[in-house]
Amino acid sequence: VQLQASGGGLVQAGGSLRLSCAASGRTFNNYVMGWFRQAPGKEREFVLAINWSGGSTYYADSAKGRFTVSRDKAKNMVYLQMNSLKPEGTAVYYCAADRSGGSYRGKDAGLYDYWGQGTQVTVSS
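As the structure is a computational prediction, the values presented were derived from the model and not from experiment.

Notes on the overall build of the protein chain
Then comes step 1: Of regular secondary structure, the protein chain possesses zero helices and 11 strands.
Then comes step 2: Secondary structure elements of the protein chain, listed N to C terminal, follow the sequence β-β-β-β-β-β-β-β-β-β-β.
Then comes step 3: Taken over C-alpha atoms, the radius of gyration comes to 13 Å for the protein chain, in line with the 14 Å a tight globule of 125 residues would show.
Then comes step 4: With the principal axes as the frame, the protein chain shows a C-alpha extent of 40 × 25 × 25 Å.

Quick word on the nonpolar core
Then comes step 1: Grouped together as the largest cluster of nonpolar side chains are 29 residues, with contacts concentrated most on Met33, Trp35, Phe67, Val78, Leu80, Met82 and Tyr93.
Then comes step 2: Breaking this core down by element, the ones donating at least two residues are strand E1 (2-6), strand E3 (17-24), strand E4 (32-38), strand E5 (45-51), strand E7 (67-72), strand E8 (77-82), strand E9 (91-98) and strand E11 (119-124).
Then comes step 3: In this structure, methionine 33 is in contact with Leu3, Ala23, Phe28, Leu48, Ala49, Ile50, Trp52, Val78, Ala96, Ala97 and Tyr112, ignoring residues within four places of it in sequence.
Then comes step 4: Residues Val32, Phe46, Ala96 and Tyr112 belong to the second largest nonpolar core, which totals seven residues.

Looking at the state of the cysteines
Then comes step 1: One pass over the structure, following the stated rule, counts one disulfide.
Then comes step 2: Covalently, cysteine 21 is tied to cysteine 95 through a disulfide, its sulfur atoms 2.2 Å apart. Handedness of the cysteine 21-cysteine 95 disulfide follows from its S-S torsion of about 65°: it is right-handed. You can see cysteine 21 sitting in strand E3 and its partner cysteine 95 sitting in strand E9, a full 74 residues away along the chain. For the pair cysteine 21 and cysteine 95, one class covers both residues: buried.

Quick word on the pattern of salt bridges
Then comes step 1: Here the structure, examined in full by the defined rule, presents four salt bridges.
Then comes step 2: Here aspartate 98 makes a salt bridge to arginine 105, at a shortest N to O gap of 2.7 Å.
Then comes step 3: A salt bridge links arginine 99 to aspartate 113; the nearest nitrogen and oxygen atoms lie 3.5 Å apart. You can see arginine 99 sitting in the loop between E9 and strand E10 (114-115) and its partner aspartate 113 sitting in the loop between E9 and E10, a full 14 residues away along the chain.
Then comes step 4: A relative accessible area of 52% means that arginine 99 is categorised as exposed.

Rules used in this analysis
- Residues numbered from 1 in each chain as written.
- Predicted model: local features only at pLDDT ≥ 70, side-chain atom pairs only at ≥ 80, totals over all residues.
- Heavy atoms only, no water.
- Helix = DSSP H or I, 4+ residues; strand = E, 2+ residues; numbered from the N terminus.
- Rg over C-alpha atoms; globule rule 2.2 N^0.38 Å.
- Core = buried A, V, L, I, M, F, W, Y, C linked by side-chain atoms within 4.5 Å.
- Buried < 20%, exposed > 50% of the residue type's maximum accessible area, 1.4 Å probe, protein only.
- Contact = heavy atoms within 4.5 Å.
- Disulfide = S-S within 2.5 Å.
- Salt bridge = Lys/Arg side-chain N within 4 Å of Asp/Glu carboxyl O.

Quick look at the structure:
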């Protein structure tokens with residue numbers, strides 16, 4: 001399994017970015033795909049996740065109302081749309097895959113089996 005995140009960059013506070021995660025190496029029908037972020041000096045934290053097969057979504061409180069996750073099964077892509085970005089959103093964003101059998105198991109990064117390389121998002125004030 002390979003995950004390739006892209007789409008990061010520099011954006012002003014209040015702006016938007018869409019991150020993409022290209023997934024390859026197998027079919028993902030029994031996976032949950034997540035997005036995490038890690039700011040300098042902080043632990044990696046859960047942002048949101050999506051059940052690949054059914055499309056159910058799960059959000060951290062910090063992401064509700066501003067971030068949206070989606071997937072394109074035909075293209076094997078997962079997207080993170082981020083709106084109303086805040087400076088505290090500056091971090092490296094990672095996509096990850098949990099071979100959970102299709103059930104969301106929680107926010108713990110240790111539950112995820114595969115990780116992309118991360119893409120830097122910088123939000124200026």
